[in-house]
Amino acid sequence: EVQLVESGGGLVQPGRSLKLSCAASGFTFSNYGMAWVCQAPTKGLEWVASISTGGGNTYYRDSVKGRFTISRDNAKNTLYLQMDSLRSEDTATYYCARLGRGYYFDYWGQGVMVTVSS
Amino acid sequence: NIVLTQSPATLSVTPGESVSLSCRASQSISTSIHWYQQKSNESPRLLIKYASQSISGIPSRFSGSGSGTDFTLSINRVESEDFSIYYCQQSYSSLYTFGSGTKLEIK
């Protein structure tokens, strides 16, 4: 059974940093691209960043480029999102998602809440 | 960036009715559109990939169609468990985008 379990969320002050983790199990992690998708309270889904199987290719939405870094450790079956220079508008639930054979999100984690507030 | 416009924002229906939800892309994206369902306080679930391809475990009452810029998610005879929010997502560009969602509610 595919499982994606996020951790690392919480309350953080504007301008500070936070690192999210996503532990994957139930599939060969190194064979799949991965992504982070966020959802602000009462809002819709927004793609945040994606990473290729080996980590050599990364993509970001404009609003987080230069502030967030997506990475992965295939030996540990773990996906990461380093979030720097956090802003109040980054407040959201962050989902880890697997990119299926193609470019759709076929499995999702339960989500982790990030609140940026002073 | 490719913008996806979903309509209507809210759709009020009676269980047993059949419905169609629309997703329009700002440029032609072939069939690179995928549909998700999100129930309240749950993670999204993939319903349809590449406009019309079915997903294992998803009820057959869900179907998709379209190509180019206009796409449709159809639900044949809506059931009570189907009342939730539906999103489309494009993968034509590596900078993925989602539509703003259509909320399906009970009339």
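Residues numbered from 1 in each chain as written. Chains lettered and ligands numbered in written order. Predicted model: local features only at pLDDT ≥ 70, side-chain atom pairs only at ≥ 80, totals over all residues. Heavy atoms only, no water.

Residues and elements named next belong to chain B. One open sheet holds the four strands; their spatial order is β1-β3-β8-β7, and the pairing between them is antiparallel. Bordering the open sheet on either side are β1 (4-7) and β7 (62-67), each of which pairs with just one other strand. Going across the sheet, the axis of each strand differs from the next one's by a mean of 20 degrees, ignoring polarity. Of the strand pairs in this sheet, strand β3 (residues 19-25) and strand β8 (residues 70-75) are connected by six bridges, and their pairing is antiparallel. Bridging across to β8, S20 finds its partner in S74. (Pairing = 2+ DSSP bridges. Helix = DSSP H or I, 4+ residues; strand = E, 2+ residues; numbered from the N terminus. Axes fitted to C-alpha atoms, helices over the stretch in contact; angles between N-to-C directions.)

In this structure, F105 and W108 of chain A together with I33, W35, F98 and L104 of chain B are the most contacted members of the largest nonpolar core, which totals 41 residues. Here this core takes four residues from β3 of chain B, the largest share from any one element. Excluding residues within four positions of it along the chain, F105 of chain A makes contact with A35, V37, W47, A97, R98 and L99 of chain A together with Y36, L46, Q89, Y96 and F98 of chain B. Of all hydrophobic cores here, the second largest spans 30 residues; its members include V12, W36, C38 and V114 of chain A. (Core = buried A, V, L, I, M, F, W, Y, C linked by side-chain atoms within 4.5 Å. Buried < 20%, exposed > 50% of the residue type's maximum accessible area, 1.4 Å probe, protein only. Contact = heavy atoms within 4.5 Å.)

Interfaces are often sized by the accessible area lost when the parts come together. Chain A puts 21 residues into the contact, and the matching count from chain B is 17 residues. With both sides pooled, the region where chain A packs onto chain B buries about 1,600 Å², and carbon together with sulfur makes up 62% of that total. The largest contributions to the chain A side of the interface with chain B come from L45, Y103 and Y104 of chain A, which together make up 38% of the buried area. Where chain A packs against chain B, one counts zero salt bridges. Taken together, the connections running from chain A to chain B amount to eight residue pairs in polar contact (both at pLDDT 80 or more). (Buried area = accessible area lost by both parts, 1.4 Å probe. Salt bridge = Lys/Arg side-chain N within 4 Å of Asp/Glu carboxyl O. Polar contact = N/O pair within 3.5 Å; in protein donor to acceptor, adjacent residues only side chain to side chain.)

The subject of this paragraph is the sheet that holds strand β8 (residues 78-83) of chain A. Where strands meet in a sheet, backbone hydrogen bonds hold them as pairs that are either parallel or antiparallel. All names here are of chain A. If you walk across this open sheet you meet the four strands as β1-β3-β8-β7, and the pairing is antiparallel. Across the chains shown, the open sheet's two edge strands, defined by having one partner strand only, are β1 (3-7) and β7 (68-73). The mean angle between the axes of side-by-side strands here comes to 15 degrees, regardless of whether they run parallel or antiparallel. With six bridges connecting them, strand β3 (residues 18-25) and β8 associate as antiparallel partners. Its bridge partner being in β8, A23 is matched across the sheet by T78.

Cis geometry marks the peptide bond from S7 of chain B to P8 of chain B, where omega comes out at -10 degrees. Its place among the elements puts P8 of chain B in the loop between β1 and β2 (10-13). Of note in this structure, S85 of chain A is not a glycine but carries a positive phi near 45 degrees. Looking at the element boundaries, S85 of chain A is found in the loop between β8 and β9 (92-99). Owing to a relative accessible area of 40%, S85 of chain A belongs among the partly exposed residues under this scheme. Phi angles above zero are rare outside glycine, and A51 of chain B is one such case at about 70 degrees. Looking at where A51 of chain B falls in the secondary structure, it is placed in the loop between β5 (45-49) and β6 (53-54). For A51 of chain B, a relative accessible area of 2% corresponds to the buried category.

As enumerated under the stated definition, the model contains twelve aromatic pairs over all chains in all. Taken together, a centroid distance of 5.9 Å and an interplanar angle of 85 degrees make the contact between Y104 of chain A and Y50 of chain B edge-to-face. One end of the pair, Y104 of chain A, is in the loop between β9 and β10 (105-108); the other, Y50 of chain B, is in the loop between β5 and β6, on a second chain. In this structure, Y104 of chain A and Y50 of chain B share a single accessibility class: buried. Seen from their ring centres, F105 of chain A and F98 of chain B are 5.8 Å apart, and the 20 degrees between their planes marks the pair as stacked. Residue F105 of chain A is located in strand β10, and its partner F98 of chain B is located in strand β10 (residues 97-98); the two belong to separate chains. Residue F105 of chain A shares its accessibility class with F98 of chain B, and that shared class is buried. Ring pairing ties together the aromatic residues W47, Y95, F105 and W108 of chain A together with Y36, Y96 and F98 of chain B, which thus form one cluster. Here the basic side chain of R101 of chain A rests over the ring of Y32 of chain A, its NZ or CZ set 4.5 Å away from the ring centre. (Phe/Tyr/Trp six-rings, centres within 6.5 Å; stacked < 30°, edge-to-face > 60°. Lys NZ or Arg CZ within 6 Å of the ring centre and 35° of its normal.)

Coordinates in, geometry out; function isn't part of it.
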